[in-house]
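Chain by chain, the residues run as shown.
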Amino acid sequence: MTITQRNLDGYDTPAIEWARVKAVLDSQLTQAPGTGGPQRHTMWLTTINSDGSPHVMPVGVIWHSGSWYFTSGPATRKTRNLARDARCVVSVATDPFDLVVEGAAERVTDAVELSLVAEAFARDGWPAEVAGDALTAEYSAPSAGPAPWFVYRVKPSTVFALGTSEPFGATKFRLN
């Protein structure tokens, strides 16, 4: 993978190093109350409505093997939007920097990959199980709609890191 970067900061701060960003991406940003800032890490998914306007909703996200995974019910607007246009953005505020991850969401239907993602969600506290080509559990976030939930993989194509602590900075990374 080739990674190019561009410093976006207008205050002569150095570019944020990719290794720092990757370390945060590779960590499990827990979404349990009281575990992040402020009070937890909320992941936000932006999709594109049919009229071109943005649709933003919180989603449960798990990082696994270089991609972010999230779930969405078959009848939700997120799912309908992604079926029409897979481009999306996942964003989250962390202590060292805010992250904006652009990419395309691809629905996961492979049984092995679904099992690995379900296991990753379970390790993070959500007891998901594979049900056919989707996941199910006793509960999920209200924004996910009723079970079963489709699983989507987002491979980052562009990542923006915007510093929230010293040494601050703002850097755009292109992943090819």
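Here, residues in each chain are numbered from 1, in the same order as that chain's written sequence. At least 70 in pLDDT is required for a residue's local features to be given in this predicted model, at least 80 for side-chain atom pairs to be given and counted, and no such filter applies to totals for whole chains, interfaces and linings, which use all residues. Think of the side-chain values as coming from all heavy atoms in the structure, minus any hydrogens and water.

- As recorded in an unreviewed UniProt entry, the chain goes by Pyridoxamine 5'-phosphate oxidase N-terminal domain-containing protein and comes from Mycobacterium simulans.

## Considerations on unusual backbone geometry
In step 1: Following alanine 147, the chain continues into proline 148 via a peptide bond in cis, with omega recorded as 0 degrees.
In step 2: Cis rather than trans, the peptide bond between glutamate 166 and proline 167 has omega equal to 10 degrees.
In step 3: Counting through the fold element by element, proline 167 comes out in the loop between strand E10 (150-163) and strand E11 (170-175).
In step 4: Backbone geometry places aspartate 12, a non-glycine residue, at a positive phi of 65 degrees.
In step 5: Strands here are runs of E lasting at least two residues and helices are runs of H or I lasting at least four, both read from the DSSP assignment and numbered beginning at the N terminus. In this fold, aspartate 12 is placed in the loop between strand E1 (3-7) and helix H1 (18-26).
In step 6: Look at phenylalanine 168: it is not a glycine, yet its phi comes out positive at around 60 degrees.

## A look at the pattern of salt bridges
In step 1: For salt bridges, the criterion is a side-chain nitrogen of Lys or Arg within 4 Å of an Asp or Glu carboxyl oxygen. Within this structure, the stated rule accounts for four salt bridges.
In step 2: The closest approach of N and O atoms between arginine 153 and glutamate 106, which form a salt bridge, is 3.0 Å. Placement of the pair is arginine 153 in strand E10 and glutamate 106 in strand E7 (residues 97-108), with a sequence separation of 47 residues.
In step 3: On the basis of relative accessibility, which here comes to 13%, the residue arginine 153 falls in the buried class. Accessibility here uses a 1.4 Å probe with only protein chains present; expressed as a share of the type maximum, an area under 20% marks a residue as buried, one over 50% as exposed, and anything in between as partly exposed.

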